[in-house]
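For reference, the chains in residue letters:
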Amino acid sequence: MNIEFSVKSVDVKAHVKEHGINKQEAARELRYKAFYEAAQEIRADKIALAHNADDQAETVFMRLIRGAGASGLCGIPVKRGPVIRPLIEIERREIESFFRKRKYLLCC
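Small disclaimer: the values here were computed from a predicted structure and weren't measured. (Residues numbered from 1 in each chain as written. Predicted model: local features only at pLDDT ≥ 70, side-chain atom pairs only at ≥ 80, totals over all residues. Heavy atoms only, no water.)

### With respect to the nonpolar core
Counting residues in each nonpolar core, the largest one holds five residues, listed as Tyr32, Ala39, Ile47, Leu49 and Val83. Contact partners of Ile47, with chain neighbours within four places excluded, come to Phe35, Tyr36, Ala39, Pro82, Val83 and Ile84. (Core = buried A, V, L, I, M, F, W, Y, C linked by side-chain atoms within 4.5 Å. Buried < 20%, exposed > 50% of the residue type's maximum accessible area, 1.4 Å probe, protein only. Contact = heavy atoms within 4.5 Å.)

### Observations regarding the environment of Asp54
Structurally, Asp54 is set in helix H3 (residues 53–65). On the basis of relative accessibility, which here comes to 37%, the residue Asp54 falls in the partly exposed class. For the pair Asp54 and Lys79, spaced 25 residues apart in the sequence, the C-alpha separation amounts to 17 Å. (Helix = DSSP H or I, 4+ residues; strand = E, 2+ residues; numbered from the N terminus.)

### Some details on the pattern of salt bridges
Within the structure shown, the criterion is met by four salt bridges. The salt bridge partner of Glu37 is Lys8, with a shortest N-O separation of 2.2 Å. One end of the pair, Glu37, is in helix H2 (residues 23–41); the other, Lys8, is in the segment before helix H1 (12–19), and 29 residues separate them in sequence. Residue classification places Lys8 among the partly exposed positions, given a relative accessible area of 48%. (Salt bridge = Lys/Arg side-chain N within 4 Å of Asp/Glu carboxyl O.)

### Topic: the packing of H1 against H2
Direction vectors running N to C along H1 and H2 enclose 110°, while the axes themselves pass 9 Å from each other. Of the possible angle classes, the one that applies to H1 and H2 is roughly perpendicular. For the pair formed by H1 and H2, the contact residues are Val12, His15 and Val16 on the first element and Lys23, Ala26, Ala27, Glu29 and Leu30 on the second. Its residues placed into classes, the contact of H1 with H2 shows five nonpolar, one polar and two charged. (Axes fitted to C-alpha atoms, helices over the stretch in contact; angles between N-to-C directions. Parallel < 35°, antiparallel > 145°, perpendicular 65-115°, else oblique. Nonpolar A, V, L, I, M, F, W, Y, C, P; charged D, E, K, R; others polar.)

### A short note on H3
At 3.6 residues per turn, the α-helix brings residues three or four places apart onto the same side. Taking 1.5 Å of rise per residue, 13 residues should cover 18 Å, and H3 covers 18 Å from first to last C-alpha, within 8% of that figure. If you check the start of H3, you find a side-chain oxygen 2.8 Å away from the backbone N of Asp54, and it comes from Asn52. (Expected span 1.5 Å × (residues − 1). Polar contact = N/O pair within 3.5 Å; in protein donor to acceptor, adjacent residues only side chain to side chain.)

### Observations concerning the side chain of Arg85
Looking at the secondary structure, you find Arg85 in the loop between strand E3 (83–84) and helix H4 (92–101). Buried within the structure, Arg85 lacks any salt-bridge partner; its nearest side chain of opposite charge belongs to Asp55, at an N-O separation of 8.1 Å. One polar contact links the side chain of Arg85 to the main-chain carbonyl oxygen of Pro77, over a distance of 2.8 Å. Among residues more than four places away in sequence, those in contact with Arg85 are Tyr32, Leu49, His51, Ile76, Pro77 and Val78. (Lys, Arg positive; Asp, Glu negative; His and termini not counted.)

### Describing unusual backbone geometry
Within the chain, Arg43 stands out as a residue other than glycine whose phi angle is a positive 60°. Looking at the element boundaries, Arg43 is found in the loop between H2 and strand E1 (47–48). On the accessibility criterion, Arg43 (79% relative accessible area) is exposed.

### Brief notes about the sheet that holds E3
Pairing is mixed across the open sheet formed by three strands, whose spatial order is E1-E3-E2. Two strands close off the open sheet at either side, each with one partner strand: E1 and strand E2 (79–80). In this structure, E2 lies alongside E3, joined through two bridges in antiparallel fashion. Considered in E3, the bridge of Lys79 is made with Ile84. (Pairing = 2+ DSSP bridges.)

As structure tokens, then:
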């Protein structure tokens, strides 16, 4: 489809040890750092992520299990700084259906 992209490797285990955080948190911190760096390199003022409604539900559920109060149950914001999530209200099955109908390869 001729879409430019970049790949960056990060050392999650080292970040866990250095900061004393769990693997998921370390991976998230490093992902966002990579997103911000990539945006800066290409002078982008927005970073669009593919979080969808299923991710939103999972986030709220996980926060509930961890004992978050009412303010902690707000879920993933549509926009935070330069990060936008244009698919946050669309269910994964709808996204997959969109690609299947157009015969795009679904790898995951």
